[in-house]
Amino acid sequence: MTIRKTEAIEMLGGSTREVAAALGVSYQAVDKWPEVLSDKVADRVLAAWTRRNVEGLPPPFAKSVALPRAGQEAAHG
């Protein structure tokens, strides 16, 4: 499956900082992504999206990181 950088950013909150937080990387790392993501990065994006949007995932996959659902504001501390 091919995922473009812009699609990944949209899927995970709309900004490089939100994507970085969802994946546990720096926003600089996200900035350096190529326009078409590698399979490894695309898999991580899909996993983060799934944790955020799919109910009933078995442990340890279910909400292991408190991510806001698509369309909700991320909490800023």
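Please read these numbers as outputs of a predicted model, since none were measured by experiment.

Draft legend 1. A look at the environment of S15. Topologically, S15 is positioned in the loop between helix 1 (5-11) and helix 2 (16-23). Separated by 15 residues in the primary sequence, S15 and V30 place their C-alpha atoms 9.7 Å from one another.

Draft legend 2. A look at helix 4 (residues 39-53). The terminal C-alpha atoms of helix 4 lie 21 Å apart, and with 15 residues this matches the ideal 21 Å at 1.5 Å per residue to within 8%. Every buried residue of helix 4 is accounted for by V41, A42, V45, A48 and R52. All buried residues of helix 4 fall inside an arc of 125° around its axis, so they share one side. Exposed and oriented more than 90 degrees from the buried face of helix 4 are D39 and K40. Where helix 4 is buried, its residues contact helix 1 and helix 2.

Draft legend 3. Quick look at the nonpolar core. Within the largest apolar cluster, 15 residues are counted, with the highest numbers of intra-cluster contacts made by A8, L12, V19, L23, W33, L37 and V45. Those elements that provide at least two residues to this core are helix 1, helix 2 and helix 4. What L12 contacts, discounting residues up to four positions off in sequence, is E18, V19, A22, L23, V45, A48, W49 and R52.

Draft legend 4. How the structure looks around the packing of aromatic side chains. The tally for this structure, following the rule as stated, stands at 0 aromatic pairs. Stacked on the ring of Y27, the Lys or Arg R17 has its end atom at 4.0 Å from the ring centre.

Parameters and conventions
- Sequence order sets the numbering: in each chain, residues are counted from 1 along the sequence as written.
- Where totals are concerned, whole chains, interfaces and linings use all residues; where local detail is concerned, this predicted model gives features only for residues with pLDDT of at least 70, and gives and counts side-chain atom pairs only at 80 or more.
- With hydrogens and water excluded, all non-hydrogen atoms of the structure serve as input to the side-chain values.
- Here a helix means four or more residues in a row that DSSP labels H or I, a strand means two or more in a row labelled E, and each is numbered from the N terminus.
- By this rule the span expected of a helix is its residue count minus one, scaled by 1.5 Å.
- Throughout, exposure labels follow a simple rule: accessible area from a 1.4 Å probe, protein chains only, divided by the maximum for the residue type, with under 20% read as buried, over 50% as exposed, and the rest as partly exposed.
- By arc we mean the arc of the directions from the helix axis to the C-beta atoms, nothing more.
- A contact between two residues is defined here by any heavy atoms of the two lying within 4.5 Å.
- In this description, a nonpolar core means a group of buried Ala, Val, Leu, Ile, Met, Phe, Trp, Tyr and Cys residues linked to one another through side-chain atoms lying within 4.5 Å.
- Here a pair means two rings of Phe, Tyr or Trp (six-membered ring of Trp) with centres within 6.5 Å. Their orientation is stacked below 30 degrees between planes, edge-to-face above 60, and tilted elsewhere.
- For a ring to carry a charge above it, either NZ of a lysine or CZ of an arginine must fall within 6 Å of the ring centroid while also lying within 35 degrees of the normal to the ring plane.

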